[in-house]
Amino acid sequence: MRKVRKAVIPAAGFGTRFLPATKAMPKEMLPIIDKPMIHYAVEEAVKAGIRDIIFSTGRGKRSLEDYFDHSYELEDQLKKTGKKDLLKEIEDISDMAEIVYIRQKHALGLGHAILRAKDVIGDEPFAVILPDMLVDSDVPYMKQVIEAYEETNRSVLGVKETTPDKVSLYGIADPAESADTFKLKGVVEKPAPEDAPSNLYIFGRYVFTPELFDYLEKTKPTLGGEIMLTDAISDLIKSEGVYGKILEGTDFDTGDKLGYLQAMAWYGLKHNDLSEEFSKYLKEINQ
Ligand code: UTP
């Protein structure tokens, strides 16, 4: 069994649902209260036992790099002003993980963003974390998926249940059996409700065997030039088999405005310094 040591975090999309905010900054740097989304993704990877993170980035790469780098001027200023707690928090961010940046020069889809990491990953299994899917769970989602990989020794897709009216927004799993960790018959990209094989959508936490790269390389681009991850997963299902794992916890689709707002409210109500006043305020405006 080869251990999962590396994770790819794709962060090169245009974030069109958040324009104009994302015109000059990556969506992944949008804050949830006081930490950018990408911080939560890296934290989740580290808690799942991963040390090497590969960011697939495009425009706005500087702010991501700066965020995970030391900021000597800032650290010096915090030292001088005696803000010890804040200083530690800022220093810890730079020491969270080993980070490698890869450039996805053209945003040609998620499959393409992952394929760009092929040389850095090499011949070993790896995780993929979509940073715009935010998780608050006892056991990190990425850890749940890695444990399922260790059980099955196959690629694993984390899945969550949705309602029939939302299946056309996601990639949907076609399970071959009824279990928490289940073998997949197939995956269907954004099906109409009547064609959906289940209500289980692919959540954005994956472990892949390196064989995925062979299929990504063979995947024909769509008319818009995109390399679809779902196409390569379908090939992987046929060749060596892929499993789904039902994830347990609370999560938010922060790539979507409503999901983003819900995440803000959730973390606001959990925040040590804000929770009481914020809860009062929500009640006030809801009268
Ligand atoms: P999304 O499907 O949410 O696309 O990507 P997007 O461009 O970020 O946002 P919208 O849909 O236009 O509003 C899911 C994740 O995959 C990355 C994104 O940065 C995001 O983290 N991604 C997507 C890439 O890295 N490259 C791509 O070509 C597409």
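Use the structure listed above.
Quantities reported herein were computed from a predicted structural model and do not represent experimental measurements.

Thresholds, definitions, all that
Residues numbered from 1 in each chain as written. Predicted model: local features only at pLDDT ≥ 70, side-chain atom pairs only at ≥ 80, totals over all residues. Heavy atoms only, no water. Core = buried A, V, L, I, M, F, W, Y, C linked by side-chain atoms within 4.5 Å. Buried < 20%, exposed > 50% of the residue type's maximum accessible area, 1.4 Å probe, protein only. Contact = heavy atoms within 4.5 Å. Helix = DSSP H or I, 4+ residues; strand = E, 2+ residues; numbered from the N terminus. Axes fitted to C-alpha atoms, helices over the stretch in contact; angles between N-to-C directions. Parallel < 35°, antiparallel > 145°, perpendicular 65-115°, else oblique. Salt bridge = Lys/Arg side-chain N within 4 Å of Asp/Glu carboxyl O. Near = heavy atom within 4 Å. Polar contact = N/O pair within 3.5 Å; in protein donor to acceptor, adjacent residues only side chain to side chain. Areas by Shrake-Rupley, 256 points an atom, 1.4 Å probe, with all protein chains shown as cover. Patch = residues over 30% accessible without salt bridge, like charges linked within 9 Å, V, L, I, M, F, W, Y side chains within 5 Å.

Draft legend 1. Highlighting the nonpolar core. One finds Phe126, Leu157, Tyr206, Phe208, Leu212 and Leu216 to be the most contacted residues of the largest nonpolar core, which totals 69 residues. The residues contacting Phe208, other than those within four sequence positions of it, are Pro125, Phe126, Val128, Ser155, Leu157, Leu229, Ile233 and Leu236. Listed in part, the 10 residues of the second largest apolar core include Leu30, Leu134, Tyr260 and Tyr267.

Draft legend 2. Examining unusual backbone geometry more closely. Residue Pro20 is reached from Leu19 by a cis peptide bond, and omega for that bond is 5 degrees. Counting through the fold element by element, Pro20 comes out in the loop between strand 1 (6–11) and strand 2 (31–32). The phi torsion at Ile33 lies on the positive side, around 60 degrees, for a residue other than glycine. Given a relative accessible area of 30%, Ile33 falls into the partly exposed group. The phi angle at Asn153 is positive, at roughly 60 degrees, despite the residue not being glycine. The topology assignment puts Asn153 in the loop between helix 7 (141–152) and strand 8 (155–161). The exposure class assigned to Asn153 is partly exposed, which follows from its relative accessible area of 38%.

Draft legend 3. Inspection of the environment of Gly49 at higher detail. Here Gly49 is to be found in the loop between helix 1 (37–47) and strand 4 (52–57). Taking the relative accessible area as the measure of exposure, Gly49 reaches 48% and is therefore partly exposed. When the C-alpha positions of Gly49 and Glu28 are compared, they lie 22 Å apart, and in sequence the two are 21 residues distant.

Draft legend 4. Representation of the packing of helix 10 (residues 257–270) against helix 11 (residues 275–285) within the structure. For the pair helix 10 and helix 11, the least separation of the axes is 7 Å and the interaxial angle reads 130 degrees. Regarding the angle of helix 10 to helix 11, the classification is oblique. Here helix 10 contributes Met264, Ala265, Gly268, Leu269 and Lys270 to the contact with helix 11, which in turn contributes Ser275, Phe278, Ser279 and Leu282.

Draft legend 5. Structural detail: the pattern of salt bridges. The tally for this structure, following the rule as stated, stands at 15 salt bridges. In this structure, Asp123 engages Arg2 in a salt bridge whose closest nitrogen and oxygen atoms are separated by 3.7 Å. Of the two residues, Asp123 is situated in the loop between helix 6 (118–121) and strand 6 (126–129) and Arg2 in the segment before strand 1; the sequence distance between them amounts to 121 residues. Here Asp123 falls in the exposed class, since its relative accessible area comes to 59%. In this structure, Glu44 engages Arg205 in a salt bridge whose closest nitrogen and oxygen atoms are separated by 2.8 Å. With Glu44 in helix 1 and Arg205 in strand 11 (residues 200–208), the pair connects residues that are 161 residues apart, well separated along the chain. Each member of the pair Glu44 and Arg205 is classed as buried.

Draft legend 6. Quick peek at the site of the ligand. Taken together, the neighbourhood of the ligand is formed by 18 residues, with Thr16, Lys27, Glu28, Gln104 and Gly109 sitting nearest. For the ligand, an oxygen atom lies 2.8 Å from a polar atom in the backbone of Ala12. A distance of 2.8 Å separates an oxygen atom of the ligand from a polar atom in the backbone of Arg17. Across the complex, the protein chains shield 82% of the 560 Å² of accessible surface that the ligand would expose by itself.

Draft legend 7. Highlighting a nonpolar patch on the surface. Taken together, the side chains of Leu269, Tyr281, Leu282 and Ile285 make up a nonpolar region of the molecular surface, amounting to roughly 360 Å² of accessible area. If you tally residues by element for the nonpolar patch, the top one is helix 11, at three residues.

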